[in-house]
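Next come the chains, spelled out residue by residue.
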Amino acid sequence: MQMAALPLSEQMILTLAALILFTSFLLLAQTRIVTLIHTFAWQGALLFFATVLVAIVSGRHHLLISAGLTLALKVFFIPWQLRRLVVRLDIRRDVETVGSSSLIMIGAGALVLFSYYVALPIRELSMLSTRNTIAISLAVILIGMLMIITRRKAVAQVIGFMSMENGLMFAAVSATYGMPMVVELGVAFDVLVAAILFGVFFFQIRNGIGSLNVDHLNRLNEVD
Amino acid sequence: MSALYLTLVLPLFGTLLLSLIGHWRSAGAINLAICTATFVTSLLLAIDVFNQGPLLSPDKMFYVDAFNVYLILLNAFVGMTTAVFSGPYMAHELEIGRVDDQRMRLYYSMYQGFLLTMLVALSTNNLGLLWVAVEGATLATVLLVSLYRTPESIEAGWKYFMICGVGIAQALFGTVLIYFAAERVLPGSEESLLWSVLHQHATELEPAVLTLAFVFLLVGYGTKIGLVPLHNWLPDAHSEGPTPMSAILSGLLLNVALYAVVRFKMLIDPALGSNLAGNMMMGFGLLSFVVASLLLHRQRDVKRMFSYSSIEHMGLMTFAFGIGGPLATFGALLHMIVHSLTKSAIFITVGHAAHVAGTQSIDKIRGLIRTQPAVGWCFLLGTVAIAGFPPFGVFTSEFLLFTATIKSWPWLVIPLLCSLGIAFAGLFRHVQPMVFGEPPAGQVAVKANMWPVILHLLLVLWLGIAIPGVLASWIDQATTMVVGKGLL
Amino acid sequence: MNGWALAVIQAGLLAFGAPFLAGWVKWVKCKLQCRQGPSPWQPYRNLSKLFRKDIVISEQASPVFRMAPYLVFSVTALAGSVMPFVAIGLPTSAIADVIVLVGFFALARFFLALAGMDVGTAFGGMGSSREMTISSLAEPAILMAVFTLAMTVSSTNLASMISHLLVEPFQLYPSFIFAGMGLLLVTVAETGRIPVDNPATHLELTMIHEAMILEYSGRHLALMEWAAMLKLMIYGVLIANLFIPWGIALELTPLALAIGLVAITGKLAVLGVVLAVAETSLAKMRFFRVPQFLGLAFILCLLGMLSHVILEVR
């Protein structure tokens, strides 16, 4: 038990990691669209706090810029834009029924274990105190993927996609104290463009098939 | 050096310009002019690199060596010839009302944007930027796939966006892991994601991390290559988007994704000291080759059929890069060229054929050779070339690949040859009635410029009969870069 | 000898303090809802009144029905008597094992459910079946939470858990946050509070615990109700002392004991307020939503365990 050897700030990073994972589970279980968007914003906020803490602990101040990008994009812009779209598409009250939700939860738990197992060789190498968070961020990525697979509503899939991005950012922040600045900027730009394109797509899907349920996107098959 | 910057600035300029004036009648010509200029500068760049060796920009952002410069040249070339086709094609689409002015602007601007991201992805020295550019290519093309706004095209666009987005996210995780491994060797350095730096320190990187990273990178970029089982987006995106888009997706994007995988393999092989990465690539490649050749039979849409053929050939190249060794790598590099040229030629022809018949359905396209002999013959010859008949270049490269396979993995030749036969049967079963059948009444020829197709096919023929010494030594340089020793 | 005396006093305090906690929660709840409300001492009056009353027993009742109240109460009281309440290091601490505690509760619940079904009324059987459904979902969650804590401190003994936490320098355990939240949810379900069950209702569609003891009267009812209050108290003490262990008496000096008593009273009072606020702001959920609620508790406990394994062990 060397946990005590860590300074409090790093313990807080670990706690934030656990909370980010928790929000991932909440996203997976949440069926109301507006609450889903809010939970996503909270995940972004936790990521922002974690980034700021890492920036302070490691003394790499360029991480503060990355934290600012997270705050602007993940906490404000994307949730705001999604909310606006949800209001404009008038699907605020939509409740999505997720089939066999307990099974999905167990699956998510299994994914966490899997990521732990996958990341095991890495944690034995790293000198950084935050190395354990690699498994957590991989789990967040995989749970985002699970969410995309299990959800039928386009908005929920987008949130799953964006929460995968959160997992990636968290991996970069905690495992390596952030990526080089130019990469961070590029990734943020891609996320921004993706968020805008998703909005465009919502309207296209809505106009094309009359609903945002991607189950209706079933015309193209591997073989006919 | 200025040639490199010009090569990148021109498409950027084109993106911005055409987003404003893309609906002009002359937009197609402007697009072609910019593409031609890009091709000329990339040719200058290639000559530079050929004469002076690898080129590292002063700020270390870009790195061009024999391996990527030939892909840059290929990209610019296919971009240019497809632009020749795309002008009249899109004008026709505008005429029959499938697109409007706004979408024309989007189309032309994103055509250039796509070329830009491809060129950045190829020339960048930063592995993170490589990811950003490949993801950018998805973003640039995703709205083009759904350009026609039919339910099918929207479905294809959404699938493309989701599957590639999710896949490419895995690649970013792999990149983070590479950075993580690099940080241990070069702590605190801003340069530890630069390929030129990493390659020097490749043997010091931690094998356990790199193995894990490569799994994620292969899954991530493999989604973009269209490797089975991550290929679902590819036939949809190819069949529903505008045909010039299918041509450059098949001819360029898949190559660039494969290029990314091979770059990472070059990093990982020295660190691991084993062919683990290669074995994974061989597995995925072989699976894609076999599955795609089977699925080819069951298609009703001609563009879908040829996109399965793309999956098949990408699988073969992945397999060949996986085998490693100079012979297989030389063959794979050659195959990249001939496949790009042939496949984009086929898609251009298919675009004309679909205009002639008014549909993309295999059952309804009939008698091309009687209605419009030029289209019919090009269609037939293109199919012959892609199926790997001598004397076309595809035969040469496949021959090299199979020779390499017999040398190192003799048993694997059996599934390869079987699949090749199955794919051949599938292609001809569908193509023969389309070319030779009885044309439906009232089918008339359309205005078609077949010169790009003929040029491509002639090049492929030339590469099949005699590879020019310059090109051979050039590909050999690239082979040396990838596997450490050359073939010649 | 001194230790044993203290242990007896502590057990007495816990047992006789329990009705006050129940009364306190009710009082705070009434105040929050702008009602006059009975004084916190009201449960004592109710209990003493019930003890003085005669019992009425159905002709069909078997001996199990008569035995059940005594069994349920004594088992619960036994569980309470070993809880580290004011001080740790008492002789009874040696048997204060979490798994034993869970086992005691399971035993009590078993007899409670048997008694509910014994007379053969519809309500009793319904209550028993619901109670067992809930507990079968809650128990894995409890055990998961407990194991998370046990893995951190390498013991399942409550007293050594608490002392371990107090002796080590302060650390922020992510797993404790999750285990604590999960345990809180389970407590709500296990002690029959809103939103899982409503202790104040006798509406046939919603009651669970009340349905099982509907047939009891007189001192039997008093024992059953007291046992329920004790259970709430025990869970409160468990959460208070495990997750906020500061203040509990490590030595058996008068000063330390006094501080310990004040501390636990304060912690329980705060917990009572939290419970009252939660009960006021939440609506009782449909019975079929309860599995989801407990599923959340289970996920929290599971996450606690996972984050312990992933983040804290090195």
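Residues numbered from 1 in each chain as written. Chains lettered and ligands numbered in written order. Predicted model: local features only at pLDDT ≥ 70, side-chain atom pairs only at ≥ 80, totals over all residues.

Moving on: the overall build of chain B. Tallying secondary structure elements over chain B gives 19 helices and two strands in all. The C-alpha radius of gyration of chain B comes to 21 Å, within 12% of the 23 Å expected for a compact globule of 488 residues. Judged by the C-alpha coordinates and their principal axes, chain B covers about 70 × 55 × 45 Å. Of all 488 residues assigned to chain B, the portion counted as buried reaches 64%. Taking as baseline every contact in chain B between residues at least 6 positions apart, the subset at least 24 positions apart corresponds to 81%. (Helix = DSSP H or I, 4+ residues; strand = E, 2+ residues; numbered from the N terminus. Rg over C-alpha atoms; globule rule 2.2 N^0.38 Å. Buried ≥ 20, exposed ≤ 12 C-beta atoms within 10 Å, placed from the backbone. Contact = placed C-beta atoms within 7 Å.)

This brings us to the overall build of chain A. When helices and strands are counted, chain A shows seven helices and zero strands. Walking chain A from its N terminus toward its C terminus, one meets helices and strands in the order α-α-α-α-α-α-α. At 18 Å, chain A has a C-alpha radius of gyration in line with the 17 Å of a compact globule built from 224 residues. With the principal axes as the frame, chain A shows a C-alpha extent of 55 × 35 × 35 Å. Burial statistics for chain A: of 224 residues in total, 53% are counted as buried. Summarising the internal contacts of chain A: among those between residues at least 6 apart in sequence, 72% fall at separations of at least 24.

Before going further, it helps to spend a moment on the interface of chain C and chain A. Each side of the interface is counted separately: chain C has 18 residues, and chain A has 21 residues. Looking at the side of chain C that touches chain A, the elements with two or more residues in it are α7 (174–190) and α11 (290–312) of chain C. Sort the elements by how many residues they give to the side of chain C that touches chain A and α11(C) lands first, with 10 residues. Broken down by class, the residue content of the side of chain C that touches chain A amounts to 12 nonpolar, three polar and three charged. (Nonpolar A, V, L, I, M, F, W, Y, C, P; charged D, E, K, R; others polar.)

Right, let's get into the arrangement of the chains. The top pair by number of contacts, from a total of two pairs of chains in contact, is chains A and B. Kept free of each other, chain B and chain C leave a smallest C-alpha distance of 18 Å between them.

Chain A puts 40 residues into the contact, and the matching count from chain B is 40 residues. Elements with a minimum of two residues in the side of chain A that touches chain B: α4 (101–123), α5 (133–150), α6 (154–176) and α7 (181–209) of chain A. No other element matches the 14 residues that α7(A) contributes to the side of chain A that touches chain B. Here the residues of the side of chain A that touches chain B sort into 30 nonpolar, five polar and five charged.

Another aspect to go through is helix α3 (residues 63–82) of chain C. Residues and elements named next belong to chain C. In a regular helix each residue adds 1.5 Å, so 20 residues correspond to 28 Å; α3 covers 29 Å between its end C-alpha atoms and thus fits that length. The largest bend along α3 measures about 25 degrees and falls at P69. Every buried residue of α3 is listed here: F65, A68, P69, V72, F73, V75, T76, A77, A79, G80 and V82. Summarising the contacts, the buried residues of α3 are in contact with α1 (2–32), α4 (98–118) and α9 (218–243). (Expected span 1.5 Å × (residues − 1). Bend = angle between axes of the 7 residues up to and from the residue.)

Residue and element names in this part refer to chain C. Their axes nearest at 9 Å, the elements helix α5 (residues 122–153) and α11 cross at an angle of 15 degrees. The orientation of α5 with respect to α11, classified from their angle, is roughly parallel. Note on packing geometry: the crossing formed by α5 with α11 is left-handed. Each of I134, L137, A138, P140, A141, M144, A145, F147, T148, M151 and T152 in α5 lies in contact with α11, whose residues at this interface are V290, P291, L294, A297, F298, C301, L302, G304, M305, H308 and E312. For the contact of α5 with α11, the per-class residue count stands at 17 nonpolar, four polar and one charged. (Axes fitted to C-alpha atoms, helices over the stretch in contact; angles between N-to-C directions. Parallel < 35°, antiparallel > 145°, perpendicular 65-115°, else oblique. Left-handed = near helix turned anticlockwise from the far one by under 90°.)

Residue B:V228 is joined to B:P229 through a cis peptide bond whose omega torsion reads 5 degrees. Residue C:P195 is reached from C:I194 by a cis peptide bond, and omega for that bond is 10 degrees. Tracing the backbone shows C:P195 in the loop between α7 and α8 (209–212). One non-glycine residue, A:Y177, lies in positive phi territory at about 55 degrees. In this structure, A:Y177 sits in the loop between α6 and α7. Within the chain, C:S154 stands out as a residue other than glycine whose phi angle is a positive 55 degrees. Here C:S154 shows up in the loop between α5 and α6 (158–167). The class of C:S154 is exposed, set by 10 C-beta atoms lying within 10 Å.

Counting residues in each nonpolar core, the largest one holds 377 residues, and the members touching the most others are B:V261 and C:C301. Here the element with the most residues in this core is helix α6 (residues 151–185) of chain B; it accounts for 21 residues. Once you skip the residues sitting within four places of it in the chain, B:V261 turns out to touch B:L217, B:L218, B:Y221, B:G222, B:I225 and B:M281. (Core = buried A, V, L, I, M, F, W, Y, C linked by C-beta atoms within 7 Å.)

All names here are of chain B. Helix length check: helix α8 (residues 207–225) (19 residues) gives 25 Å between terminal C-alpha atoms against 27 Å at 1.5 Å per residue, within 8%. Most of α8 sits inside the fold, with 15 of its 19 residues counted as buried. Count one or two residues on from α8 and you reach G226, which has phi positive near 95 degrees.

Relative to the helices and strands, C:F293 is located in helix α11. Excluding its chain neighbours within four sequence positions, the residues that come into contact with C:F293 are C:L185, C:A189, C:V196 and C:M285.

A few words now on the environment of B:K364. All names here are of chain B. Relative to the assigned elements, K364 resides in the loop between α13 (326–357) and α14 (368–371). Separated by 64 residues in sequence, K364 and R300 place their C-alpha atoms 9.6 Å apart. Apart from the residues lying within four places of it in its own chain, the contact partners of K364 are A357 and T359.

Looking now at the packing of helix α1 (residues 8–29) of chain A against α11(C). The interhelical angle for the contact between α1(A) and α11(C), taken along N-to-C directions, is 140 degrees, at an axis separation of 11 Å. Between α1(A) and α11(C), the angle is such that the two are oblique. The two elements α1(A) and α11(C) cross, and the hand of that crossing is right-handed. In this structure, α1(A) uses A:L14, A:A17, A:A18, A:L21, A:F22 and A:F25 to contact α11(C), whose residues at the interface are C:I299, C:L303, C:S307 and C:L311.

Right, let's get into the environment of B:S189. Residues and elements named next belong to chain B. With respect to the helices and strands, the residue S189 is situated in the loop between α6 and α7 (195–200). On the basis of neighbour count, S189 is assigned to the partly exposed category, with 13 C-beta atoms found within 10 Å. Each C-alpha atom of the pair S189 and L18 lies 40 Å from the other, and the pair is 171 residues apart in sequence.

Looking now at the confidence of the model for chain B. When pLDDT is averaged along chain B, the result is 91; 100% of the residues meet or exceed 70. For this predicted complex, the interface confidence comes out at an ipTM of 0.94, alongside a pTM of 0.90. (pLDDT = per-residue confidence, 0-100.)

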